[in-house]
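Spelled out from the first residue to the last, the chains are:
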Amino acid sequence: MPDHAKIRNHKHLKIFGSLVHEPNLWCLNRRSAAGAFAVGLFFAFVPVPFQMLLAAGGAILFRVNLPLSVALVWLTNPVTMPPIFYGVYKVGSLILGRHGDKFHFEPTWDWLVGSIETVGPAFLLGCLVCASVASLIGYFGISWLWRYSVAKSWQKRKEQRR
């Protein structure tokens, strides 16, 4: 875990003021880790710049581990973003029943403006669905892994005492 004093004084987190002094943002327990996965994975699928600030705001709002929430946003980084967002678009197209839509990307401003009307609804719906599903899987998955780890540790101690 990074030094929380250094993160607390980070220039981008100053907008949150004294809210970053909440102790729950810096401890690592089952609730804070599972919540951090939910927040971080949700905002990883939000297609806007400054996802890390949104994840920090979500972590503060839900009082979950801040560094973990912010780090998980990097699931969608410049290398993984194109295939993930293409998959998100396909999910949205499938939900909207647009199976025959052909997707052709051009790195131009005209394509971007024109695609907001054609590709945009499917893409944004796919982002919402995938963000929600990833968030739920992250929350319940980490919660289950944490409980499993604790139960296994207790069982190991019990066997050692015998």
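Quantities reported herein were computed from a predicted structural model and do not represent experimental measurements.

Observations regarding the pattern of salt bridges
Thinking step 1. Scanning the entire structure with this criterion turns up 1 salt bridge.
Thinking step 2. The salt bridge partner of Glu22 is Arg63, with a shortest N-O separation of 3.6 Å. Taken as a pair, Glu22 in the loop between α1 (4–8) and α2 (30–44) and Arg63 in the loop between α3 (51–62) and α4 (66–72) lie far apart in primary sequence, 41 residues in all.
Thinking step 3. Glu22 sits in the partly exposed class, given a relative accessible area of 24%.

Some remarks on unusual backbone geometry
Generally, phi is negative for residues other than glycine and the peptide bonds are trans, each holding for most cases.
Thinking step 1. The phi dihedral of Phe50 is positive, around 65 degrees, even though this residue is not glycine.
Thinking step 2. Looking at the secondary structure, you find Phe50 in the loop between α2 and α3.
Thinking step 3. We note that Arg63 has phi near 55 degrees; this positive angle belongs to a residue other than glycine.
Thinking step 4. Looking at Arg63, the relative accessible area reads 43%, which means it is partly exposed.

Notes on α2
Thinking step 1. The end-to-end C-alpha distance of α2 is 21 Å, a good match for the 21 Å that 15 residues give at a rise of 1.5 Å each.
Thinking step 2. Of all 15 residues that make up α2, 11 are buried, and the element is covered over most of its length.
Thinking step 3. Taken together, the buried positions of α2 are Ser32, Ala33, Ala34, Gly35, Ala36, Ala38, Val39, Gly40, Leu41, Phe43 and Ala44.
Thinking step 4. For α2, the side-chain oxygen to backbone nitrogen distance between the N-cap and Arg31 is 3.2 Å, and the N-cap itself is Asn29.

As for the side chain of Ser69
Thinking step 1. Examined against the element boundaries, Ser69 turns out to sit in helix α4.
Thinking step 2. Among the polar contacts listed, one links the side chain of Ser69 to the backbone oxygen of Ala36, at a separation of 3.5 Å.
Thinking step 3. Of the polar contacts made by the side chain of Ser69, one reaches the backbone oxygen of Asn65; its length is 2.9 Å.
Thinking step 4. With residues up to four places along the chain from it excluded, the contact list for Ser69 reads Ala36, Val39, Gly40, Ala55, Ala59 and Val64.

Brief notes about the nonpolar core
Thinking step 1. Of all hydrophobic cores here, the largest spans 17 residues; its most connected members are Phe16, Phe43, Ala56 and Leu66.
Thinking step 2. Looking at this core, the elements that each hand over two or more residues are α2, α3 and α4.
Thinking step 3. Examining the composition of this core, we find that 4 residues originate from one element, α3, more than from any other.
Thinking step 4. The next biggest cluster of nonpolar side chains, apart from the first, holds 13 residues, and it includes Leu41, Phe45, Ala122 and Cys127.

Observations concerning the confidence of the model for the protein
When pLDDT is low, close inspection of the predicted coordinates is not appropriate.
Thinking step 1. Averaged over every residue, the pLDDT of the protein is 88; the share at 70 or more is 94%.
Thinking step 2. Mean pLDDT across the secondary structure elements of the protein bottoms out at α1, with 68, and peaks at α2, with 96.

What about the packing of helix α5 (residues 81–96) against helix α7 (residues 120–161)?
Thinking step 1. Packing of α5 against α7 brings their axes to within 7 Å, and their N-to-C directions diverge by 100 degrees. Of the possible angle classes, the one that applies to α5 and α7 is roughly perpendicular. Taken together, the residues of α7 that come into contact with α5 (itself represented by Phe85, Val88, Tyr89, Val91, Gly92, Ser93, Ile95 and Leu96) are Pro121, Ala122, Phe123, Leu125, Gly126, Cys127, Val129 and Cys130.

Thoughts on the packing of aromatic side chains
Geometry of an aromatic ring pair is reported as the spacing of the ring centres plus the angle between the planes.
Thinking step 1. One pass over the structure, following the stated rule, counts 5 aromatic pairs.
Thinking step 2. Here Tyr86 and Tyr89 contribute two aromatic rings whose centre-to-centre distance is 6.4 Å and whose plane-to-plane angle is 40 degrees, an arrangement assigned as tilted. Of this pair, Tyr86 and Tyr89 are both found in helix α5, 3 residues apart, which corresponds to roughly one turn of the helix.
Thinking step 3. According to the relative accessible area criterion, Tyr86 is partly exposed, its value standing at 37%.
Thinking step 4. Residue classification places Tyr89 among the buried residues on the basis of a relative accessible area of 3%.
Thinking step 5. Both rings, one in Trp144 and one in Tyr148, keep their centres 5.3 Å apart while their planes meet at 15 degrees; by these two values the pair is stacked.

Definitions and limits used
Numbering of residues starts from 1 in every chain and runs along the sequence as written. It should be noted that, the model being predicted, local features are given only for residues of pLDDT at least 70 and side-chain atom pairs only at 80 or more, the latter also being counted only at that level, while totals for whole chains, interfaces and linings use all residues. Values shown for side chains rest on all heavy atoms present in the structure; no hydrogens or waters enter the calculation. For this document, the term salt bridge refers to a Lys or Arg side-chain nitrogen within 4 Å of an Asp or Glu carboxyl oxygen. For the purposes of this entry, the term helix denotes a DSSP run of H or I that reaches at least four residues, the term strand denotes a run of E that reaches at least two, and both are numbered from the N terminus. Working definition: with a 1.4 Å probe on protein chains only, accessible area under 20% of the residue-type maximum means buried, over 50% means exposed, and in between means partly exposed. Expected span, for any helix, means 1.5 Å times one less than how many residues it has. Within 3.5 Å is the distance limit for a polar contact, defined as a pair of N or O atoms, with the added protein rule that one can donate a hydrogen and the other accept it, and that residues adjacent in sequence qualify only through two side-chain atoms. Residues count as neighbours in contact if any of their non-hydrogen atoms are within 4.5 Å of one another. For our purposes a nonpolar core is just a set of buried Ala, Val, Leu, Ile, Met, Phe, Trp, Tyr and Cys residues, chained together by side-chain atoms within 4.5 Å. Every residue is assigned a pLDDT by the predictor, reflecting its confidence on a scale from 0 to 100. Angles shown run from 0 to 180 degrees and are taken between the N-to-C directions of axes, each axis being a line fitted to C-alpha atoms and, for helices, limited to the stretch in contact. Every angle not falling under 35 degrees, over 145, or within 65 to 115 is termed oblique; those three ranges are roughly parallel, roughly antiparallel and roughly perpendicular. The pairing test for Phe, Tyr and Trp rings, Trp by its six-membered ring, is centres within 6.5 Å, and the orientation test on the planes gives stacked under 30 degrees, edge-to-face over 60, and tilted for anything in between.

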